[in-house]
Amino acid sequence: MAKLEHFLAEQMKTLVPNYDTVELKATVSSSSFSVEFFVTVNGKRKQCFQMIDDGQFTEKNFNIFSKAIANYVRGLPDFNKKDINKYSVVLK
């Protein structure tokens, strides 16, 4: 999981360069994916979609971020191509 956490931390910097914590959940199958996260910055917790609405990053950049995560986990050795894979990661 350490490699996954490192990858997620690097990807997160593209959207939120400085954060206190990130709680990320990803659900990925061979043909679909869903990524959502909550980030705490300076004691304030926000959901990723709220951050898009607030103009902190664009929906396009969020989609690029989400797709990169989906493609990365699909390449992991324990990825089950016949099922839905769920990931829950906390970054500090």
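The structure this text deals with has already been given above.
Now for a quick tour of the structure. (Residues numbered from 1 in each chain as written. Predicted model: local features only at pLDDT ≥ 70, side-chain atom pairs only at ≥ 80, totals over all residues. Heavy atoms only, no water.)

1. Some words on the pattern of salt bridges
Stage number 1. Across all of its chains, the model carries three salt bridges by this definition.
Stage number 2. Put simply, glutamate 23 and arginine 45 hold a salt bridge, and the shortest N to O gap is 3.0 Å. Here the residue glutamate 23 occupies a position in strand S1 (residues 21–28), and arginine 45 occupies one in strand S3 (residues 44–47), the gap between them amounting to 22 residues.
Stage number 3. Accessibility expressed as a relative area gives 47% for arginine 45, which makes it partly exposed.
Stage number 4. Across the pair aspartate 54 and lysine 46 runs a salt bridge whose closest N-O atoms are separated by 3.1 Å.
Stage number 5. Judged by relative accessible area, aspartate 54 falls into the partly exposed class, the value being 45%.
Stage number 6. You can call lysine 46 partly exposed: its relative accessible area is 22%. (Salt bridge = Lys/Arg side-chain N within 4 Å of Asp/Glu carboxyl O. Helix = DSSP H or I, 4+ residues; strand = E, 2+ residues; numbered from the N terminus. Buried < 20%, exposed > 50% of the residue type's maximum accessible area, 1.4 Å probe, protein only.)

2. Considering the environment of glutamine 50
Stage number 1. With respect to the helices and strands, glutamine 50 occurs in helix H2 (residues 48–53).
Stage number 2. A C-alpha to C-alpha distance of 19 Å links glutamine 50 and valine 90, two positions 40 residues apart in sequence.

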